[in-house]
Amino acid sequence: MRIFRELEVKQRPLLSVWESLSQDAAALGCSGSSLGCFEEQENEEKGLTLTTMNTDGPESTALFNFLSKLGLKEFYPYKLTLRSLLEINKNNIHEETVESLENIPWCFLRKLFQINTECRKCTQVSNNDEEKTNSYLFDFDQLTADDSDDNKVNPLDLIVALFLCADSFLQQEMALKMSMCQFSVPLLLPYVNNSQSTLMLWALRDIVKEWCPHDLCESRGFVENNIVQANIPFFTFVRLKNCSLSKSQVLNHVLSRGQQNHNIFIHRDMKGGAFKRRIANGLVEVCWYLPCGRENLDIFPGPVAFANLRGDICESLAQFNFLFQESTATFVFLDKVEENEHKILTSLQDVKSKLFLVVNCKENSGEDIVSIKTTLKELELPKSSVEIKDSRVNVAALTEKLCAAIKSSLPGVSATLNIVNMVRKAAELGLYVDETTSDEQKKAAEEIMVAIERQSIPDYKKQQLPLQGENWKRLSQLEKKECRLKSGDSGLEEYKCQLQEEKDKIRKEQSKQKLSKGMESFIKTISISDHKKRDFFLKWMKLKLDTHSRSELSQLRNKFKEQCKKKDIKLIAQLDKDLLESSLGVEHYMREMGLIYEFSINDSRNTAFEISRLPGLAAEMLLDGFPLEILDGDASNIPERWVTDVLTELHKKVGEQSRLLVLTVLGVQSTGKSTLLNTMFGVQFPVSSGRCTRGAYMLFLKVGEDMKHELNCDFIVLIDTEGLKSPDLAELEESYEHDNQMATFVIGLSDVTIINIAMENSTEMKDVLQIAAHAFLRMKEIGKKPVCHFVHQNVSGVSAHAKTITERKHLLDQLNEMTQIAAEMEKKPSIKAFTDVLDYDMDKNNWNIPGLWHGTPPMAPVNTGYSEAVADLKKNLLVKTNRSNGVSKIPEFVEWMRSLWKAVKYENFIFSFRNTLVAQAYVNLCKEFNEWEWEFRKEILSWQQEAELEITNADNESDVQHWSILVEQKKSEVSKKIESKVREMKEKLENYYKKKDQNVNLIEKYKTDFLKSIGSIADEIRYSAKNKLEYVLELKISSKKALDIQRKYRGRIEDEVMKLLSACKDKDKLSDDQLTREFEKMWTEATKNVAGLKERDIAASVLEQLRRNFSNQNVNEEFQNIKDLKEFGKGRFKTTREHTDSWLKKAGSLLWGLGDLQTFADSVIESCKRFLLDKTKTNTDYHDSLTRDLLEKIGEYLQLSCNANAKFEIDLKLHICGIASREFQKMHKRYLSDKDPQIQLEKYKKQYLSDFLDLYKQKDHCQRKANDFVQFCIKPAVEEYINRSLGIEIVDEILTSCHSAEYSSRSFFQYNIQEELLQKDDFNSFVKYICNYEIYVKDWIFQHIQKQMSKDKTVCKLKKKNLQVIVDKITKALEKATKGPDGVQLPDNNESITELISNMRKYLIKDISISEEDEKTTLFQIQSTCHPFIKSLKMSIEDLNKQLQEEFLKSENITETLNKLPIKPQDELFKRVFGCGKQCPFCKVPCEAGGKGHDQHHAAVHRPQGLGRYRDEDTEKLVETLCTTDVQSELEFRNIDTKWEPHPYKEYYTYYPDWLIPPDPSIEASDYWKYVLVRYNDRFAQQYEAKPADVPEAWRRITKEQALKGLKDAFNIK
C-alpha cells in the first residue's frame, strides 16, 4: 500500500488519515510523532502560537539541556528580539574570544550580523594554545574520547537553537544575513527532536535575489525577485541510515563548480561539523544556485533550488515525504538499503522521473550491493537515475555526473513550484507554517493592496496619498523662492508677502484634505497597542509593496536606460519623474501620515483617530527600529513640525535620556554606502536596485548600559541618504546644487561622517571631494567640527596601507585643492588647506576595505576581509572618536536640524545660517563674559580709588619729583594688575570652552573675538587708569600751590589773632560786639593782599590737542592759520557741498544726501555736548586727557558717516572743540574758585572768631573744637569715602536685582528697550532711538538707575551701609590712636592732642584723606587736654553718624548724587550694553555682538531701510525693503562706499566684511519694525524730508501683539 498518495490523503477525513499514517509509520519502524502534530496545526490555524505545544518528554529535556548549556533557555521560545541584537554594546563592538559556551551564540550572531562568513566557526570554547604547544606526548586517549565533549557544539545545533529562540523578525534577519554569506538557510525547522517541523516561509520572505538566466544574456537583462515567490526548479538531497559519503560536501562541490569551493552547507570536515548533533536532525536547509549570465562560469542556465535534509529519512519521515512530493527530483545517498528504508522508497510515487540514487560502493560490501539491487529492481529506475561512486570515481567526477543529471531534469520541468505554494502541501502533511501567526496583519495589508493593484501607482498616490502630491512640492518650491528672491514688478517685500500668502493658501488647501480610505486603514492598523502585530503589518506592507513596485519599475528602468544613452534631458527628467511617481513603499504612507500631522490645525479635524497621537506612534516605531524620513527627497523638503514633534515624543519616551552620536555615510550612488552601514550595524537600509528612494532617513540604535559611559551617548543615529553624483541625474540642472545641499545637511547633522570612495573615475571622485570639502568648510564656519573618515573600497592586500601612501598624499592634495575652491566660493580666503577646516590625519582617517564579494555574484559569498575591516572601522568610529562637538540631546539636535535646513536653502549658506542653539550659546557666553568684564573693571576701579587716595595723602611737604615717582610706581603696579586680570579672564574663557554643556562647541569661532575683546578691554582700562593717575598728580600739584598760599596766610592770620587777643586783654572788659568789630578790622587787614591762583588759557590747550590729533593727516592751510577757538562752536553747525567729495556732488539725487549729513552732524554734536556735560559736572580741574577723549569719541562717530570728507571732519572738530573750550574754561574757573586761598580762608573766618572769643573769655571750648574737627575734617572725608565706592555698589545692586537680566547681554538689553518703545507708543522716542541711539541708551540707563534707586530708598541704604563701615573704622582708629607706640595711654595734656590726631591720620590713611590745613585751622589754640577731647570727639562722631543718616533720608535728589559720584554707574552700565556702537550700513540697526574686539557685527532684528533714512533715488520714497530681504535677492545697491557703482546685495560683504546680515529666520521675525513703519510712515517721511514708503498690504494687518511676538522670537525670548 502506498501510504503517501496525494489523492488518498485528500479524500480521507482528517482523523482517519492521522490513524492510518500512525499505523503505517509504526509498521515501518518510524516514530509516529515525526508525521507532525495535527492537533497543534489546527490550533495554529485558529491563531494560537507554538507556545501551546507539548514540551514534556525526553526530547524536550534534551532541547532544554542544550539551550541551558548555551545560556539560551530564557529566550525560548521566540523571545530573542531583533531590537536587542541591534543594541550597541560591548558584545557587538569588541571582538572577544569564546571563553564559555554561553558566549557561542552571541559570537555567532555578532559575526553573522557583520556578514562574516567565519561565524559558523564560533562553536567551541577557546583552548589554551600554550598547553597544546607544550604537550610533547601524543594523547592517545583522545582517539577513544567521546565526541560529546561539553565544550563543543555542532554549528547546525547552534543554528536550530537560535532559530527556535529568535522571534519572527530576528529569524528573517538571520536568514537574510545567512543568505548573503551564501549559507544554506532553514526551510523546515525541527521542533523538539523532530516531533514537528515548521515551514520557514516567513523567515525566508525577506530574501531578494538577482540573477541573469542565459536567455537574457544578450539583452543584459536580469531577474530580481523575492526568492520564496520565484518559480525555481527544486532538488532535494537526502540520505539513508547507512551512508559514508557526505552529501553536504558533494552538494558544496556541485554549487561551487567553476568558482573557489565554498561551504554553503555545513559538513563533517568543517570546524565543529563532526560533533554529534543534538537537536538538528530533521532540519531541512535550502540554498539557491543563481546564474550570472556567463556560460563559461555558470553551472546551470537558470536558477536551481537545493534542499538538504539532515539525518536519515526514517528519522524525518514527514519532512522526506513533503520534500519528495514538492521536489523536481530527489537524490538519495546510500551505502546500502535496510528493510524499512526499502519499504519507504518502494512506496513512493513517480519515482522514475523524480528519484535518483547516489550509491557509494565500498569494498567487501557484497550484502550491501544485494540490498541495493533488490530496491533498484523493484523501483524500476533507469540507469541514468543511478550514480555509483566507487574508489575509481573521485568527488570531482561524481560532481560532474550529478550536475549532468540535474541538467537532464531541467528541460522536462514544466511546472516549477515556489516556496509560497508549498504551504498547502505542508498543511496537508501536518507541518506547521511560521506565517500563520500573522494572518490577520497579512489580510489587512492585502486589503490595502487591492486598491493599489486596480490602478496605476501614480493614480493611486493622487487619490490615496494626496498630501505628498503637487501641492507639497509647490510649497517646497515657494520656500526656495523665498530664500532666493528675484525682483519683479512689485517690490521685494510685496513679493515676499505674495509668496507667504500663496504658501498659506496651499497649507489651507492641504489642511482641508479628507483622510483617504487607504491612509485611514493604514493608520488604524498601526495604531494598535500590540507592537508585534504592528511590526507584522508593516513588514507585510513592505513585502507586498516591494513586490508590486519591482514589476512596475523594471519597465520604467529599461526606458530610462535607453534615454540615458540618447541623453535626451527632457525625456530623462520626465522618466525620472515617472520613476519617482511609480515608486510606492511603506515610507510613502509614513510620509503621508507625517503630512497629515504637518498640515493639521489643532482641534479642527473631527476624524476617527486623534492626530495628536501620531508623533507618539512614530516615536514608538523609531524605538522599534523603523527609520524616519527626515528629508523628503521627492519634494526636497522637511516636514519640520512632524519631524520635530516625533523626535520630541521620542525624547519624552526615553525619559529625556537622549544623548546622540550621529553617523552618516556619503558617497557616489551605487558605491556600497548602505551596504557599509548595514554590515557595520546589522541594519537593513535599502541597497542596490530596490525602489527609487531619495532624501535622508534616520535610524535609532539603542546603546547598552555597558557602553553608555564609554560612548557618552544613549543612541547611535544612523543617517542614510541617496547617493551623490547620480549618473542618471548628472545631466539635469541643479543636480550639483542638490548634492551640495544634501551633503551640507547630513554632514551638518553628523558627529561622524564617512566619505565612501569606491570609484576609479578621478573626475567623479573630485566632484564628491569638492562637495564634501564645501560642506565641511561650512560646518567649521558655523561652529561644528565633524569627525571625517575616508573609506577606500576594493583595496585589499596586507601591504595596502603602506603601499597606498602616495594615493593618500594625492587625496590630501586634492582635498586641499577642493578646500581652496570652496573657500573662494564661500568668500573665506584665509582657509588654504583641508586641515584648516577639520582635524585630519593622513594615516588615521583613511581606511582600506577589500571588495564586498569573494568571487563573482550572485553566487559569491561576502568577503570575510570586508566584514573584518568594517568591524574594525566601527570600533574605531565609536570607541576612539574624540567628539569635539560636545554631546547633543534630541531637543538640540532638532533645533540644529531646523536651522541647518533653513540655511541650506539659501545660496549663501554661511551668511544665511541662523540657529537658536548658537544664539543661545552665544548669549550665555556673553552673559558670562559681561560678568568677568565687570569683575575686571570693578577690581581695577577699586584699586584706582585706593591709588588716588594714596597719592592724595602723600606728604604735602615732599617735592613734585617724589609724587611723580609714586605715580609711575602706581602705573607699573596697575599694568601688572591688568596683566594678571587678563590672564585670569583668558583662563576663564578657556575653561568655559572646555565645558561639555551649553553647546560651547557651536560658538568655537567666536573664541577669537572674545580673546580680542579681553585685549581691547585691558587696553581701555589701562589707558583710563593711567590717565586718571596723571590727572590726580596734576590736581595734587595745583592743590599744593593753593595750599602753600593758604598756609602762608593762615600763619599770618593766627599771629594777628594772638596779637589782637593780647591787645584786647590789656583793655577794659569788652563786649562780644566790640570784640567782633576788632576781629573784623584785623581780618580785613590781614587778608587784603592774599594772592589768588593763576587762571590757565584752556582754549589754547584744547587747540593744541586738536593740532596733535591732526598731526598724522594732511590738513589744509586754513586750519594751520587758526590761532584760537573763540569764534568756533557759537552758532549752529551747517553742512555744505564742500563737505562732500567733488565727484559725489555730481551724483545727482543722493540716497544719503546733505540733509542726512546735517542730521548726522547734529547727532554727533548732541552726543559730544552730553559728554562735556558729564565731564564738567565734577568738582575737578581741566586736564588734557578730557580733550583727547572727546576727539577720540568724535573719531568713532565719523567712522559711521557715509559720505563725509576731510573738510567735514576738520570743521566738525573745530566746532565741537570751540564748544568744549568754553565749557572746560568754566570748569577750570569753578575749580580755581573752590581752591582759591581767599575763599578757603573765608571759610574759616567764623571759626577763628569763635576761637578768639573763647580765648578772650577763657571759656572751655573742648566740645566745640571736637565738633569743628569732625565737621570740617572728618565729615568731608567720610562723604568722599561713601561716594568713592557708591558708584560700584549701585552697579552691583542693579546687576544682582530682579532687573539684572536687562543688562545681562546686549541682545537682551535691545529686546527690553524695543519692547518698552512698543508699549510707550511714542513717535519721538522711536526717532530718538533710531537717530540718536547712544543718547537714547544713556538717558534710558540714567532713568532706569533713578527709578531703581528710588525704590525702597536703595541709595539711602547703600550710603548708610558705607557710613557704618567708615564710622566703625574711625571709631577703631580713634581707640587705637589714644595709645602711644608702646601701647600706653597718651598723657592727659594739651600736647597729646596733636599726637592723637597724627595717630588717627596714620591709621586711616588707606580709607580717608584728612586735610592737614583744615586740621590745623580747626585745632588752633586748643586749650583742652587730651582725655576730655577724646571723649568729646567720640560724642561728635556719634552725632555725625546721626546727622548724615538724617541727611540721607531727607535727600531725594538721586540725579545730584549720581552726577557727583567719581565712578558713575550710568557710564559703567552703558559700557556693558552699548558695545562697539557700529550700525548696519543699510538700516542703521546697532550691533549686538559681545565684547568690543569682535570681527563681525551682527544684530537679531534688522529694519526696513527707510527707517535708517534710505530713500529711493527716483521716487524719493522711503525704502520699505529690509536689508535681510535684499541680501538674498538679485537686487543691487550703490552708495559712497561703492563709489556709486551698482553692487549686488547678496555680495554686500565685499564692502562690509565686518557685518553679518543673514536673511530673517522667518517672515514674522521683522514684524516689529514693519509695524512701526506702518504706524508712523507719514511722520517718518516728514521727519526725514522724504515721501512715505510703499508698504505691502500684508504689513498693515500686523497687530501690536504680533509685533511683540516677532520681537520675542527674533531675540529667542521664551
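Residues numbered from 1 in each chain as written. Predicted model: local features only at pLDDT ≥ 70, side-chain atom pairs only at ≥ 80, totals over all residues. Heavy atoms only, no water.

## What to know about helix H54 (residues 1333-1350)
Then step 1. For H54, built from 18 residues, the straight-helix expectation of 26 Å at 1.5 Å per residue is met to within 8% by its first-to-last C-alpha distance of 26 Å.
Then step 2. Immediately beyond the C-terminal end of H54, within one or two residues, lies Asp1352, with a positive phi of roughly 55 degrees. (Helix = DSSP H or I, 4+ residues; strand = E, 2+ residues; numbered from the N terminus. Expected span 1.5 Å × (residues − 1).)

## Section: the packing of aromatic side chains
Then step 1. Scanning all chains against the criterion turns up 61 aromatic pairs.
Then step 2. A ring pair is formed by Phe1533 and Tyr1545, whose centres lie 5.0 Å apart and whose planes are at 45 degrees; its orientation type is tilted. Placement of Phe1533 in strand E19 (residues 1532-1533) and of Tyr1545 in the loop between strand E20 (1543-1544) and helix H62 (1567-1575) is noted, with a sequence separation of 12 residues between them.
Then step 3. Its relative accessible area of 8% is what places Tyr1545 among the buried residues.
Then step 4. Three or more aromatic residues joined by ring pairs make a cluster, and in this case those are Phe1323, Phe1326, Tyr1329, Tyr1333, Tyr1336, Phe1470, Phe1474, Tyr1568, Trp1569, Tyr1576, Phe1580 and Tyr1584.
Then step 5. Directly above the ring of Phe183 sits Arg120, whose terminal nitrogen or CZ lies 3.7 Å from the centroid.
Then step 6. One Lys or Arg, Arg1503, reaches over the ring of Trp1569 and ends 4.7 Å from the middle of that ring. (Phe/Tyr/Trp six-rings, centres within 6.5 Å; stacked < 30°, edge-to-face > 60°. Buried < 20%, exposed > 50% of the residue type's maximum accessible area, 1.4 Å probe, protein only. Lys NZ or Arg CZ within 6 Å of the ring centre and 35° of its normal.)

## Remarks on the sheet that holds strand E1 (residues 185-190)
Then step 1. Reading across from one edge, E10-E9-E8-E5-E7-E6-E1-E2-E11 is the order of the 9 strands in this open sheet, with mixed pairing throughout. One side of each edge strand has no neighbouring strand; the edge strands of this open sheet are strand E10 (386-389) and strand E11 (432-433).
Then step 2. Taken together, the 3 bridges between E1 and strand E6 (residues 284-289) define a ladder with antiparallel strand orientation. For Pro186, the partnering residue across the bridge sits in E6 and is Glu285.
Then step 3. Lying over the sheet, helix H10 (residues 155-165) contacts E1, E6 and strand E7 (304-312), oriented at roughly 75 degrees with respect to E1. (Pairing = 2+ DSSP bridges. Contact = heavy atoms within 4.5 Å. Axes fitted to C-alpha atoms, helices over the stretch in contact; angles between N-to-C directions.)

## Some words on the side chain of Asn1399
Then step 1. Within the secondary structure, Asn1399 sits in helix H56 (residues 1391-1403).
Then step 2. When residues no more than four places from it in sequence are discounted, the contact partners of Asn1399 are Ala1377 and Lys1379.

## Observations regarding the sheet that holds strand E18 (residues 846-849)
Then step 1. Read from one edge of the open sheet, 7 strands run E12-E14-E15-E13-E16-E17-E18, paired in mixed fashion. Every interior strand has two partners, whereas the edge strands, strand E12 (628-632) and E18, have only one. Strand after strand, the sheet turns through a mean of 25 degrees between neighbouring axes, direction not considered.
Then step 2. Inspection of the sheet shows E12 paired to strand E14 (residues 695-702) by 4 bridges, in the antiparallel sense. What sits directly across from Leu628, in E14, is Met698.
Then step 3. Its contacts with the sheet place helix H29 (residues 640-653) against E12 and E14, and it is angled at close to 155 degrees to E12.

## Here we look at unusual backbone geometry
Then step 1. Along the chain, Tyr76 connects to Pro77 via a cis peptide bond; the corresponding omega equals -10 degrees.
Then step 2. If you trace the backbone, Pro77 turns up in the loop between helix H4 (58-69) and helix H5 (82-86).
Then step 3. At Tyr78, a position not held by glycine, the phi torsion is positive, near 55 degrees.
Then step 4. Residue position: Tyr78 is located in the loop between H4 and H5.
Then step 5. Taking relative accessible area as the criterion, Tyr78 reaches 23% and is therefore assigned partly exposed.
Then step 6. A positive phi angle, near 50 degrees, is found at Ser636, a position not held by glycine.
Then step 7. Relative to the assigned elements, Ser636 resides in the loop between E12 and H29.

## Comments concerning the environment of Ala823
Then step 1. With respect to the secondary-structure elements, Ala823 resides in helix H35 (residues 805-825).
Then step 2. Each C-alpha atom, one on Ala823 and one on Arg778, is 9.1 Å from the other, the two residues being 45 residues apart in sequence.
Then step 3. The residues contacting Ala823, other than those within four sequence positions of it, are Leu777, Lys828, Pro829 and Ile831.

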